[in-house]
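Residues per chain, in single letters:
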Amino acid sequence: RPNEHTLAEHAEWIDLMLKTAADALEVPRQNVYFKHRDRQRGNQQYERQDESGQTVIVQEGGLKFQVNLSDYVDTGLFLDHRITRGMVREAAAGKRFLNLFCYTGAFTVYAAAGGAASTTSVDLSNTYLDWAAANLRLNGLARAENRLVRADVLEFLRTQPIEPTFDLAVADVPTYSNSKMTEEDFDVQQHYVEMLSLLLGLMSPGGVVYFSTNFRRFHFDETQVPAAAVREISRQTVPADFRNKRIHRCWRLIK
């Protein structure tokens, strides 16, 4: 955006951008939603923006997802991970799948659609677990073998028996997360080694973990993670239409 704008000029510029987007995409102006994402500082987290519940059903990869255009900064479907979701679907047949920080369950839907023997999706938010359940129902995948677990991810991992329980897993983690329901806040740089070590303890030999973060200053030390093979695959997982090639970083770990 032009940095020399006054606040009034910037507001007019935003209005012009919204009208231009509507005209170019040939959609009614009322169907264009504007989101403003401030830079997060310290322990700040994004709060709910609205209560109007403007939800629509969208399709990606032949699957259906409910997105909320009005109430949150994020809509419920992170488009930068659609290639990664495709990788999970291709690898899922017959596998026991684990989705940590599952959010609205998009990775889980892909895994279940890919023929996973079972899926376990873990998140501390009832709102997101209900959303994940709705996405599973939309695709005819609301079955007993697709389990939704409300739990703090680290606590969940710490309390699991150390045995080969899963064959495929995704940990698309927040940079920072806190909750009144937990005594300990999650910080990706501080906790990734413990999280991945515990997770790998639950994986079968040859099991694959996709680990991702959008924390720009994240430092990954492979020597701290007891995996047989670690490879960064960010270049393969960021879609071509993302100008920002550091929208996320992603690693493939094989036990």
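Residues numbered from 1 in each chain as written. Predicted model: local features only at pLDDT ≥ 70, side-chain atom pairs only at ≥ 80, totals over all residues. Heavy atoms only, no water.

**Q** Which parts of the structure should I look at to understand the overall build of the protein?
**A** Summing up its helical and strand segments, the protein has 7 helices and 11 strands in all. Against the globule reference of 18 Å for 255 residues, the protein gives a C-alpha radius of gyration of 19 Å, in line with a compact fold. By its C-alpha atoms, the protein is 60 × 40 × 35 Å across when sized along the principal axes. Within the span of the protein, comprising 255 residues, buried residues form 42% of the whole. When contacts within the protein are restricted to residue pairs at least 6 apart in sequence, those whose partners lie at least 24 apart make up 63%. Counting only carbon and sulfur atoms, one obtains 49% of the accessible surface of the protein, whose full area is about 14000 Å². Mean positive and mean negative side-chain charge positions of the protein (30 and 32 charges, respectively) differ by 5 Å. (Helix = DSSP H or I, 4+ residues; strand = E, 2+ residues; numbered from the N terminus. Rg over C-alpha atoms; globule rule 2.2 N^0.38 Å. Buried < 20%, exposed > 50% of the residue type's maximum accessible area, 1.4 Å probe, protein only. Contact = heavy atoms within 4.5 Å. Areas by Shrake-Rupley, 256 points an atom, 1.4 Å probe, with all protein chains shown as cover. Lys, Arg positive; Asp, Glu negative; His and termini not counted. Charge placed at Lys NZ, Arg CZ, Asp CG, Glu CD.)

**Q** Is there a simple way to explain the pattern of salt bridges in this structure?
**A** When their charged atoms lie close together, side chains carrying opposite charge are able to pair. Scanning all chains against the criterion turns up 9 salt bridges. Among the ionic pairs, Arg 85 bridges to Glu 60, the shortest N-O distance being 2.9 Å. With Arg 85 in helix H2 (residues 82-91) and Glu 60 in strand S1 (residues 55-60), this pair connects stretches of sequence that are 25 residues apart. Comparing Arg 85 with Glu 60, the two get one shared label, buried. (Salt bridge = Lys/Arg side-chain N within 4 Å of Asp/Glu carboxyl O.)

**Q** Teacher, can you tell me more about the pairing of strand S5 (residues 146-150) here?
**A** For a regular strand, the rule is simple: side chains alternate between the two faces of the sheet. Pairing of strand S4 (residues 118-123) with S5 involves 5 bridges; the strand directions are parallel. What sits directly across from Thr 120, in S5, is Arg 147. What joins S4 to S5 is helix H4 (residues 126-138), and the crossover it makes is right-handed. (Pairing = 2+ DSSP bridges. Right-handed = clockwise from strand over helix to strand, strands pointing away.)

**Q** How should the packing of aromatic side chains be read in this particular structure?
**A** Two aromatic rings, taken as a pair, are described by how far apart their centres are and by the angle between their planes. Scanning all chains against the criterion turns up 15 aromatic pairs. Ring centres of Tyr 192 and Phe 211 lie 6.4 Å apart, and the angle between their planes is 20 degrees; this geometry places the pair in the stacked category. In this pair, Tyr 192 sits in helix H6 (residues 188-200) while Phe 211 sits in strand S9 (residues 203-213), placing the two residues 19 residues apart along the sequence. Each member of the pair, Tyr 192 as well as Phe 211, is classed as buried. For the cation-ring pair, Arg 85 lies above Phe 107, with the distance from its terminal atom to the ring centre recorded as 6.0 Å. (Phe/Tyr/Trp six-rings, centres within 6.5 Å; stacked < 30°, edge-to-face > 60°. Lys NZ or Arg CZ within 6 Å of the ring centre and 35° of its normal.)

**Q** Even after reading the chapter, I still don't get H6, so can you show me in this structure?
**A** Residues spaced three or four apart along an α-helix point in a common direction, a consequence of the helix completing one turn every 3.6 residues. A rise of 1.5 Å per residue sets the reference length of H6, with its 13 residues, at 18 Å; its end C-alpha atoms lie 17 Å apart and thus fit the reference within 8%. Here H6 has its buried residues at Val 188, His 191, Tyr 192, Met 195, Leu 196, Leu 199 and Leu 200. The secondary structure elements touched by the buried residues of H6 are strand S3 (96-100), helix H5 (153-158), strand S6 (166-172), strand S8 (186-187), S9 and strand S11 (249-254). The residue sitting at the N-terminus of H6 and contributing the capping side-chain oxygen is Asp 187; that oxygen lies 3.1 Å from the backbone nitrogen of Gln 189. (Expected span 1.5 Å × (residues − 1). Polar contact = N/O pair within 3.5 Å; in protein donor to acceptor, adjacent residues only side chain to side chain.)

**Q** Is there a simple way to explain the confidence of the model for the protein in this structure?
**A** Predicted coordinates in regions of low pLDDT should not be interpreted in detail. The share of residues in the protein with pLDDT of 70 or more is 91%, and the mean pLDDT across the chain is 91. Under a pLDDT of 50 for its full length, residues 42-46 has, in the predicted model, 11 contacts with residues more than four places off or in other chains. (pLDDT = per-residue confidence, 0-100.)

**Q** Would you take a moment to explain unusual backbone geometry for this structure?
**A** In most cases, non-glycine residues show a negative phi, while peptide bonds are predominantly trans. In this structure, Glu 26 takes a positive phi of about 55 degrees despite not being glycine. Structurally, Glu 26 can be placed in the loop between helix H1 (7-25) and S1. The backbone phi angle of Tyr 103 is positive, close to 55 degrees, even though this residue is not glycine.

**Q** Can you walk me through the state of the cysteines in this structure?
**A** Disulfides are covalent bonds that link the sulfur atoms of two cysteine residues. A complete count under the given rule lists 0 disulfides for this structure. Between Cys 102, a free cysteine, and Cys 250, which holds the nearest cysteine sulfur, the sulfur-to-sulfur gap is 17 Å. Of the residues examined, Cys 102 reaches a relative accessible area of 5% and is grouped as buried. Taking the relative accessible area as the measure of exposure, Cys 250 reaches 1% and is therefore buried. (Disulfide = S-S within 2.5 Å.)

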